[in-house]
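In case you want the letters, here they are:
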Number of protein chains: 2
Amino acid sequence: MKRIFTFILTCTTVAVYAQNSSKYQLVPFVKTMIGTQRMGHTYPGATVPFGMVQLSPETDTISYERNGKYNPDVYKYCAGYQYDDKTIVGFSHTHFSGTGHSDLGDFLIMPSVGKLQLNPGTADDPSSGYRSPFSHDEEYSEANYYKVRLAKNNITAELTTTARVGFHQYTFPESDDAHIILDLMSGIYNYSGKNVWTYLRVVNDTLVMGYRQTNGWARNRTLYFAMIFSKPFYRHGFKSYAPKEVYRGFWHKFDQTNNFPEISGSQIRAHFDFKTTEREQVKIKFALSPVSMDGALHNLVSEVADWNFDKVKAQGQQLWEKELSKIAIQGNDELKQNFYTAMYHAMINPTLYMDVDSLYKGLDQNIHKASGFTNYTTFSLWDTYRALHPLFTIIQPDRNADMIKSMLAHYDQSPEHMLPVWSNSANENWCMSGYHAVAVLADAAVKGSNQFDAARALEACVATARKRDYENIGTYIDLGFIPDTSSGTSVSGTLEYAYDDWAIAQLAAKLGKKDIYEEFIKRSQNYKHVYDASTGFMRPRSSEGDFHVPFDPLSTSNGGFIEGNAWNYTLFVPQDPEGLIKLMGGNNRFVNYLDSLFTMHLPDKYFAETEDITRDGIIGNYVHGNEPSHHVAYLYNWTNKPWKTQERIRMILPLMYKPAPDGLGGNDDCGQMSAWYIFSALGFYPVTPGSDRYELGSPSVDQAIIHLDNGKNFVIKVTNKSPQNVYVSKVMFNGKEIKEHYIKHSDIIKGGDLIFFMSAQHK
Amino acid sequence: MKRIFTFILTCTTVAVYAQNSSKYQLVPFVKTMIGTQRMGHTYPGATVPFGMVQLSPETDTISYERNGKYNPDVYKYCAGYQYDDKTIVGFSHTHFSGTGHSDLGDFLIMPSVGKLQLNPGTADDPSSGYRSPFSHDEEYSEANYYKVRLAKNNITAELTTTARVGFHQYTFPESDDAHIILDLMSGIYNYSGKNVWTYLRVVNDTLVMGYRQTNGWARNRTLYFAMIFSKPFYRHGFKSYAPKEVYRGFWHKFDQTNNFPEISGSQIRAHFDFKTTEREQVKIKFALSPVSMDGALHNLVSEVADWNFDKVKAQGQQLWEKELSKIAIQGNDELKQNFYTAMYHAMINPTLYMDVDSLYKGLDQNIHKASGFTNYTTFSLWDTYRALHPLFTIIQPDRNADMIKSMLAHYDQSPEHMLPVWSNSANENWCMSGYHAVAVLADAAVKGSNQFDAARALEACVATARKRDYENIGTYIDLGFIPDTSSGTSVSGTLEYAYDDWAIAQLAAKLGKKDIYEEFIKRSQNYKHVYDASTGFMRPRSSEGDFHVPFDPLSTSNGGFIEGNAWNYTLFVPQDPEGLIKLMGGNNRFVNYLDSLFTMHLPDKYFAETEDITRDGIIGNYVHGNEPSHHVAYLYNWTNKPWKTQERIRMILPLMYKPAPDGLGGNDDCGQMSAWYIFSALGFYPVTPGSDRYELGSPSVDQAIIHLDNGKNFVIKVTNKSPQNVYVSKVMFNGKEIKEHYIKHSDIIKGGDLIFFMSAQHK
């Protein structure tokens with residue numbers, strides 16, 4: 001709790017940096033610093049809901065490689081910012097929120113005064129470059145607003161955004177030698193060779209355009225920009241940091257170092273120079289486009305008409321207020337900070353990927369026009385199919401339908417003819433296992449969305465799931481499981497395919513496609529093929545069927561699994577908990593198994609190999625910081641001890657979510673961690689996307705109203721609530737007691753009152 | 001003459017490769033092999049007039065670099081083909097015609113059978129790779145048609161084109177293991193790092209799309225393609241030859257080596273595999289686009305509807321017949337071969353740079369739509385302003401206007417706000433001196449073209465000529481010459497600027513812009529500032545005005561000049577021959593100077609430093625193989641011995657132009673050498689583009705009819721013609737004797753009869 005107190009203190013006592021956001025009810029509860037320390041991998045900068053621009057500080061820009069190999073230190077900088085760092089390198093325009101692998105960090109801007117330094121310098125010696133020390137005491141952030149004093153030169157930086165435009169406001173001291181540096185080399189998860197090509201054109205003394213083309217997580221990615229200064233620069237220049245090339249051509253006819261209008265290469269830094277008076281503000285509007293420089297300029301002039309920073313900030317915050325207010329909760333400030341920051345993190349991704357004229361780049365690397373939908377990218381589907389998209393199905397049904405249309409466009413344009421696995425910026429990066437887009441499509445269809453072509457969706461699902469040459473799908477189809485000889489993650493792969501297959505079957509059933517239903521409902525039982533009754537765990541097998549020896553059910557790295565060990569992954573049968581319980585020996589043995597998971601001691605050596613999370617992200621051997629167990633606490637609902645679900649949820653909520661920089665026990669993963677929080681705090685959770693059921697848990701809110709798009713309200717009331725009263729003695733929906741351990745989506749969208757009656761004693 | 005005989009023999013005796021082109025009157029006289037040996041730098045492959053595609057064999061693809069430095073051997077391969085070579089590497093889709101620096105060679109295709117070899121191998125050991133030996137006995141080419149038997153595998157390759165599509169026809173032997181190799185690494189003037197990025201997507205078993213992005217002579221160049229096979233390949237694969245990268249991502253989930261649909265990287269080769277029966281033809285339609293892969297596919301389906309190779313060939317040859325027939329000459333076959341091959345080479349460049357939907361990439365790297373004009377690129381203006389564009393003014397006025405509009409679009413889009421110097425593929429490469437686009441614009445305007453906005457043209461000319469920071473323009477303006485301390489080509493630079501300035505003055509005069517006229521007519525006299533009366537040569541000076549010591553008027557490499565020594569460049573005052581003659585001491589001394597130039601002995605050591613030409617390209621010290629002296633033989637017209645112009649021209653014509661592979665005495669330079677031939681063979685030449693005058697020479701044709709676009713004919717008749725009768729005793733135009741040594745453009749476009757009366761004795 002000390003950490004929380006410190007954080008609140010920091011935000012409230014530095015009067016000079018306090019801002020008045022009193023016109024908003026909910027925006028003040030968004031604490032963008034949550035998750036910026038340790039493993040949360042969130043960023044504190046400015047963005048609007050689902051915006052294309054994420055304008056945020058980089059506290060370091062270390063390379064993905066060291067001595068020609070992977071540099072594990074880069075992992076901390078997935079979102080560019082680490083709370084413990086003491087310097088800021090600059091402000092770049094694109095960031096993933098909460099990911100465990102990374103890319104982006106495009107177009108880093110940094111103001112400075114005095115002798116021009118085009119290298120960032122080191123954290124240990126910020127005077128060696130353009131980076132600046134800073135203090136959290138002189139840093140302040142809100143949704144769509146970030147402010148910091150750069151101590152080295154006493155420059156105050158303020159950032160805000162529209163959907164496609166980053167708006168910078170730099171307050172300079174008096175100087176004859178003020179600079180805005182634009183570093184096109186800089187990037188997140190950079191390595192030599194990642195920058196394929198960058199280009200910069202100075203159109204006039206206030207307008208600059210260009211692009212950055214990278215070969216990273218996204219293999220063929222180009223992002224274009226247009227940048228307008230509020231004040232003309234009197235001088236500009238570039239420097240190329242690429243190794244000297246054999247071929248130089250005839251460009252020596254110009255002095256390219258001095259006010260030259262264009263440059264290109266793989267390693268370019270530029271500077272724009274000003275003379276400033278005391279407290280003079282130099283502002284920059286920086287627009288992005290996935291299509292072209294002209295597209296970026298068009299986006300810029302369409303979205304921001306003038307130089308009113310506060311207006312742009314306010315417009316973005318109004319957008320946040322609108323999105324946040326879709327769920328109005330009651331509770332104390334800490335709860336609201338957790339809840340609305342979770343709402344904020346849940347509505348950053350997927351991100352807009354389309355110009356104002358509806359043009360976007362497709363997976364086929366051609367330019368397309370989005371007809372009848374808004375195109376999105378940044379689909380971290382292994383994470384977000386679980387709770388984030390189900391949350392959108394309730395509070396963002398239109399956007400969720402557009403996201404599905406974006407996935408179907410992806411399918412149409414994909415060279416492999418597959419739905420997205422982990423897609424970003426017109427590229428597929430194939431990160432993580434399964435083909436979980438199918439769960440998003442099935443979930444939306446089963447829950448009644450008619451905003452997309454379900455038949456086309458089914459076709460895309462089936463084509464993806466029959467893609468024999470993708471990650472052992474062929475052997476999975478032939479053998480009914482993935483053999484350990486084919487894959488180092490054979491068990492988690494098998495289990496995830498089986499669940500996804502079940503989701504496809506649900507979509508097929510919905511459409512009356514019996515053959516497809518039969519094919520995939522059969523596949524969905526493949527989870528049984530990797531269960532070893534002798535040890536009671538899901539376990540790697542050879543293609544001959546022999547279980548792999550040795551086998552350590554606590555180990556994540558020992559083969560068979562990804563981001564989870566056998567203890568956790570054995571429970572990954574969300575499509576058939578009854579079957580799983582039967583397989584594992586029935587109710588009592590299953591309850592014991594769950595109890596053990598939450599209470600056993602995980603020796604340190606196993607923690608060290610558990611990816612993506614802090615020690616705090618683990619309860620016993622239950623790993624909340626990774627996603628595969630996100631449904632696990634709800635599995636007690638299928639036993640004779642559903643009260644243990646209630647108990648576990650109320651235990652997990654405060655342990656894993658705290659309103660502090662290190663408040664997240666693991667990567668937020670594009671909002672999945674936050675979506676788990678939102679559902680669980682409200683008292684229910686979608687254990688099985690693709691069904692219309694939500695498992696009931698134990699709410700932590702005092703009350704909540706979900707304002708549905710159909711105009712109705714779904715109200716969650718909690719009687720007799722207290723920190724101790726974690727047990728639910730009764731649940732009433734619209735005056736009728738719910739006897740089951742779930743509610744249906746169709747109930748929620750009808751609107752009405754869901755009343756939890758709380759107790760300190762379980763039934 | 002032996003060489004000529006050999007060539008004619010080769011083309012006529014190999015019956016199996018002879019083609020029937022009898023339906024065309026003029027196409028049969030085009031000998032595309034002319035200039036492919038030694039320094040001509042032409043290519044023998046297929047193209048249509050001004051086409052985007054130049055589909056031609058590469059006999060070698062050696063690198064621009066060797067041991068990290070310039071490799072002078074690369075120079076031979078500016079057009080990819082050298083007649084003396086014994087092997088063919090493959091067939092690529094883009095080639096410059098006659099240039100002395102290079103780029104392109106995009107998308108090399110090679111058929112093979114047997115064991116797959118993805119490396120080209122070496123010329124010494126073609127079995128070491130996919131290249132094949134070939135013989136000129138089994139090679140045949142026409143305008144828009146090329147055929148060769150690839151001896152290694154007995155595959156016959158045939159090539160033809162439309163404007164934007166290369167059409168390949170490969171006749172295979174029977175094989176279970178036939179391949180079409182697509183080498184995306186290959187290129188002309190390649191070096192490590194030139195290929196910035198290449199991308200390939202296999203859409204289905206007959207359609208492949210992709211692009212190649214290079215950093216070469218064109219700094220930011222991307223060319224897209226779409227490729228359709230006539231027969232489905234049963235297998236395909238790729239290999240990346242890039243150094244192993246640190247970052248590989250998650251693509252290992254696929255077996256990318258086996259039928260994988262997409263690949264990208266800087267060094268990629270692909271193969272498409274077939275089973276073929278004896279004499280089975282596999283055809284490929286390969287379309288280009290400067291805009292996108294979709295654009296290329298659109299171009300493909302728009303231009304070629306079916307698989308009829310002969311129809312496509314015929315359509316292109318009809319286009320050639322139409323263009324060639326703009327000038328109908330009479331003469332023997334050798335003359336017609338020279339003339340119509342010159343016509344052919346003159347109408348290859350500039351090249352189309354626009355999709356069928358009028359989209360193209362601009363200098364600003366944005367996509368533009370050409371409204372009201374056809375967009376062209378490949379402007380080798382230092383060469384082509386002299387005679388090629390003046391030729392277009394007569395026989396291609398509409399295209400020339402479109403070229404000017406393309407140059408004005410270039411100006412609008414140029415980051416430097418300048419007209420093109422040497423531009424290609426949405427890039428400026430700044431090759432060679434001067435800003436000669438102004439001469440093209442002025443020439444067209446002065447000659448009455450009203451198809452473009454002359455006021456805008458003047459604005460562009462003035463902006464370009466006032467660009468102080470480009471190649472010493474600032475010091476040139478300030479001092480009236482370029483000092484040798486600022487430039488290694490200070491004299492040629494000064495002389496060319498002075499001429500260009502004169503051209504701008506003419507355009508200003510035409511538009512009544514007196515101030516601009518005064519400014520530039522004054523600048524046009526700057527040639528006098530580098531004349532050294534003590535030696536009688538134009539000579540490098542310091543900024544203080546001292547002439548540089550030592551000074552060797554025979555040396556090209558000794559400072560002050562480019563592609564010409566002081567002897568030649570001293571005569572480069574086409575805008576003011578009278579003034580030059582006065583400066584050089586009057587008529588007699590000037591005649592003596594010219595005589596000496598043509599008759600003196602140039603010691604071998606100076607030849608060695610004369611660029612771009614063979615020994616045959618020099619007559620005495622007169623260098624015809626480079627452009628700066630192209631007007632020189634006509635300068636006698638300003639003296640009392642104009643008959644010496646007639647004599648020299650008739651001497652130069654047969655010496656410098658022969659219907660043989662080594663028939664060109666120097667680089668054809670995008671048609672400038674050929675345009676010189678065409679004018680001179682007809683009996684007149686545009687010594688001073690920007691004036692409406694053509695100097696009269698001595699025609700080598702028996703008769704010629706220029707079919708003008710206005711429907712009129714300009715007929716050149718030659719009476720008493722013989723090889724000995726090189727002198728013109730009288731010239732009549734429409735029944736009236738011409739007393740001056742020139743005719744006017746306005747006379748030509750009126751149509752009528754120009755009659756040369758020839759004699760063995762000069763007047």
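These numbers were taken from a predicted model, which means no experiment stands behind them.

Definitions and cut-offs
- Residues numbered from 1 in each chain as written.
- Chains lettered and ligands numbered in written order.
- Predicted model: local features only at pLDDT ≥ 70, side-chain atom pairs only at ≥ 80, totals over all residues.
- Heavy atoms only, no water.
- Helix = DSSP H or I, 4+ residues; strand = E, 2+ residues; numbered from the N terminus.
- Rg over C-alpha atoms; globule rule 2.2 N^0.38 Å.
- Areas by Shrake-Rupley, 256 points an atom, 1.4 Å probe, with all protein chains shown as cover.
- Buried < 20%, exposed > 50% of the residue type's maximum accessible area, 1.4 Å probe, protein only.
- Pairing = 2+ DSSP bridges.
- Domains from an automatic or database assignment.
- Contact = heavy atoms within 4.5 Å.
- Buried area = accessible area lost by both parts, 1.4 Å probe.
- Salt bridge = Lys/Arg side-chain N within 4 Å of Asp/Glu carboxyl O.
- Polar contact = N/O pair within 3.5 Å; in protein donor to acceptor, adjacent residues only side chain to side chain.
- Nonpolar A, V, L, I, M, F, W, Y, C, P; charged D, E, K, R; others polar.
- Phe/Tyr/Trp six-rings, centres within 6.5 Å; stacked < 30°, edge-to-face > 60°.

Caption draft 1: Representation of the overall build of chain A in the model. Counting its secondary structure elements, chain A contains 19 helices and 39 strands. In summary, chain A has a C-alpha radius of gyration of 26 Å against a globular reference of 27 Å for 763 residues, a match within 12%. Projected onto the principal axes, the alpha-carbon positions of chain A cover approximately 80 × 55 × 50 Å. A total accessible area of about 24100 Å² is found for chain A, and carbon and sulfur atoms account for 50% of it.

Caption draft 2: Region of interest: the pairing of strand 20 (residues 327-330) of chain B. All names here are of chain B. Burial along strand 20 is one-sided: the face carrying I327 and I329 is buried and the face carrying A328 and Q330 is not. Sheet topology places strand 20 next to strand 34 (residues 703-707); 4 bridges connect them, and they run antiparallel. The residue bridging Q330 from the neighbouring strand is Q703, located in strand 34.

Caption draft 3: Molecular detail of the domain arrangement of chain A. Residue and element names in this part refer to chain A. Considered domain by domain, chain A is made up of domain 1 (26-322) and domain 2 (326-759). A separation of 34 Å is found between the C-alpha centroids of domain 1 and domain 2. Counting residues at the interface gives 52 residues for domain 1, matched by 54 residues for domain 2. Roughly 4300 Å² of surface becomes buried between domain 1 and domain 2 when both sides are summed, with 61% attributable to carbon and sulfur atoms. Among the residues of domain 1 in contact with domain 2, F29, I34 and F50 are the three that bury the most area, contributing 20% of the side total. There are 1 salt bridge connecting domain 1 and domain 2.

Caption draft 4: Region of the structure containing the sheet that holds strand 37 (residues 736-737) of chain A. Read from one edge of the open sheet, 6 strands run 20-34-35-39-36-37 (chain A), paired in mixed fashion. The sheet terminates laterally at strand 20 (327-330) and strand 37 of chain A, the two strands that pair on one side only.

Caption draft 5: Inspection of the interface of chain A and chain B at higher detail. Contacts between chain A and chain B engage 55 residues on the former and 56 residues on the latter. For the pair chain A and chain B, the two sides together bury roughly 4900 Å², of which 54% comes from carbon and sulfur. If you sort the residues of chain A by the area they bury against chain B, R219, Y247 and K253 of chain A come out on top, with a joint share of 17%. Here chain A is connected to chain B by 2 salt bridges. Of the charged contacts, one joins E471 of chain A and K253 of chain B as a salt bridge, the two residues approaching to 3.4 Å between their closest N and O atoms. Linking chain A to chain B there are 19 residue pairs in polar contact (both at pLDDT 80 or more). Broken down by secondary-structure element, the contributors of at least two residues to the side of chain A that touches chain B are strand 3 (69-70), strand 13 (195-202), strand 14 (207-214), strand 17 (262-265) and helix 2 (293-303) of chain A. A total of 4 residues in the side of chain A that touches chain B trace back to one element, the largest contributor, which is strand 13 of chain A. Considering only residue class, the side of chain A that touches chain B consists of 27 nonpolar, 14 polar and 14 charged.

Caption draft 6: Spotlight on the sheet that holds strand 38 (residues 742-744) of chain B. Residue and element names in this part refer to chain B. The strand order across the open sheet built from 3 strands is 32-33-38, with neighbouring strands paired in antiparallel fashion. A single partner strand is all that each edge strand has here, and the edge strands are strand 32 (684-685) and strand 38. By the bridge criterion, 3 bridges tie strand 33 (residues 693-696) to strand 38 in an arrangement that is antiparallel. What sits directly across from Y694, in strand 38, is I743.

Caption draft 7: Quick look at the side chain of Q213 of chain A. Of note, Q213 of chain A is situated in strand 14. A polar side-chain atom of Q213 of chain A sits 2.7 Å from a polar atom in the side chain of Q213 of chain B. Apart from residues no more than four positions distant in its own chain, Q213 of chain A is found in contact with K194, N195, V196, W197, R221 and T222 of chain A together with W197, Y211 and Q213 of chain B.

Caption draft 8: Geometry of the packing of aromatic side chains. Residue and element names in this part refer to chain B. Evaluated as defined, the whole model comprises 126 aromatic pairs over all chains. Centroid distance Y64 to Y189: 5.5 Å. Interplanar angle 50 degrees. Geometry classified as tilted. Placement of the pair is Y64 in the loop between strand 1 (56-58) and strand 2 (65-66) and Y189 in the loop between strand 12 (175-183) and strand 13 (195-202), with a sequence separation of 125 residues. Y189 carries the same exposure label as Y64, and that label is buried.

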